[in-house]
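# A structural walkthrough
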Amino acid sequence: MEYESVLLVKPEVFIYKIPPRANNRGYRAADWNLGEPTWTGRMRLAAKGTTLNLKLEDKTTGGLFANCPIDTYPGVAIESVSDSSRYFVIRVQDDNGRSAFLGLGFGDRSDSFDLNVALQDHFKWVKNQEQIEKEKTQPKQELDLGFKEGETIKINMRITKKDGSEGTSRTKAKTGTGILPPPPGGLGKIAPPPSGAGTVRQSPGTSPAHRVSGNATEWTDYASAGSAPAQNQQQSSSNANWVQF
């Protein structure tokens, strides 16, 4: 069940009998007898679903004087005059379908502005409702978001470091980090051993004579130790070839 909703109420409007339209230029309020309206009463704009009616009612009793069904705006049912924003021409109809054109006027321009806004808002809502009903009956076309054959996509990515600076996937070579170059002519040389590396350390209180009385292994060690001075001389001669830094 649809309920009637009131969109606009104006407590005082003026109704005029108007002469037939003389040409296609539109109606002019100056052609009416504006000082002597035919009827004065209340205007009520009411909607029931998508149906809209402009009703002229008595101020005191609320009795209906005339009804103006409006199917579109602007249109034949209600249109503005060419020489004023406060006056309109409306087409009223009775229950038998007979119609007549009357002049409608407001004492203030803000009242006529409110009527314009209410009419536009209603028919905008009607258009939206029709679009919604149309979408219910017609299935929506689904978008094909898949890749076509041979189609590729390129993504540019930026790598952000922890300190907030931007970097790339390639690591830059570090230069000037404090690594010293090798000395000239020093590649492949090994440092000489310490000067005392070829000598045999004897235990305290042990003499060579005491070790001679031992087995042959001890004598061999003693003989090897005796050859240490010759090795030291050979190493010391090789040390002379080293360049000291």
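It should be noted that the structure appears before, not after, this text.
Here's a quick rundown of the structure. In this text the structure is predicted, and so the values were computed from the model without any measurement.

## A short note on the overall build of the protein
A tally of regular secondary structure across the protein gives four helices and nine strands. Reading the protein from its N end, one meets helices and strands in the order β-β-β-β-β-β-β-α-β-β-α-α-α. Here the protein, with 245 residues, has 21% of them falling under the buried criterion. Long-range contacts, defined as pairs at least 24 residues apart, comprise 54% of the intrachain contacts of the protein with a sequence gap of at least 6. Carbon and sulfur atoms form 51% of the exposed surface of the protein, whose accessible area is close to 19100 Å².

## Concerning the pattern of salt bridges
According to the stated counting rule, one finds nine salt bridges in the structure shown. One salt bridge connects Glu-12 with Lys-59, and the closest N-O pair in it is separated by 3.1 Å. Here Glu-12 is found in strand E1 (residues 4–17), whereas its partner Lys-59 is found in the loop between strand E3 (51–57) and strand E4 (64–70), with 47 residues between them in sequence. Taking relative accessible area as the criterion, Glu-12 reaches 38% and is therefore assigned partly exposed. In this structure, the salt-bridge partner of Asp-31 is Arg-28, at a minimum N-O distance of 3.1 Å. By sharing partners, the salt bridges in this structure join Glu-4, Arg-42, Arg-44, Lys-55 and Glu-57 into a single network.

## A look at helix H1 (residues 109–137)
Quick reminder: α-helices carry 3.6 residues per turn. Residues three or four places apart thus point the same way. The terminal C-alpha atoms of H1, which comprises 29 residues, lie 43 Å apart, in line with the 42 Å expected from a rise of 1.5 Å per residue. Within H1, the full set of buried residues consists of Asp-111, Ser-112, Leu-115, Ala-118, Leu-119, His-122, Phe-123 and Val-126.

## Points about the pairing of E1
Alignment of E1 against strand E2 (residues 39–48), held across nine bridges, turns out to be antiparallel. Residue pairing across strands places Ser-5 opposite Ala-47, the latter belonging to E2. Relative to strand E7 (residues 99–105), E1 runs antiparallel, the two sharing four bridges. What sits directly across from Lys-17, in E7, is Leu-102.

## A closer look at the side chain of Glu-57
With respect to the element layout, Glu-57 can be found in strand E3. At a separation of 2.6 Å, a polar atom in the side chain of Glu-57 contacts the side chain of Arg-44. Setting aside residues up to four positions removed in sequence, Glu-57 forms contacts with Trp-39, Gly-41, Arg-42, Arg-44, Gly-62, Gly-63, Leu-64 and Phe-65.

Calculation rules
- Residues numbered from 1 in each chain as written.
- Predicted model: local features only at pLDDT ≥ 70, side-chain atom pairs only at ≥ 80, totals over all residues.
- Heavy atoms only, no water.
- Helix = DSSP H or I, 4+ residues; strand = E, 2+ residues; numbered from the N terminus.
- Buried < 20%, exposed > 50% of the residue type's maximum accessible area, 1.4 Å probe, protein only.
- Contact = heavy atoms within 4.5 Å.
- Areas by Shrake-Rupley, 256 points an atom, 1.4 Å probe, with all protein chains shown as cover.
- Salt bridge = Lys/Arg side-chain N within 4 Å of Asp/Glu carboxyl O.
- Expected span 1.5 Å × (residues − 1).
- Pairing = 2+ DSSP bridges.
- Polar contact = N/O pair within 3.5 Å; in protein donor to acceptor, adjacent residues only side chain to side chain.

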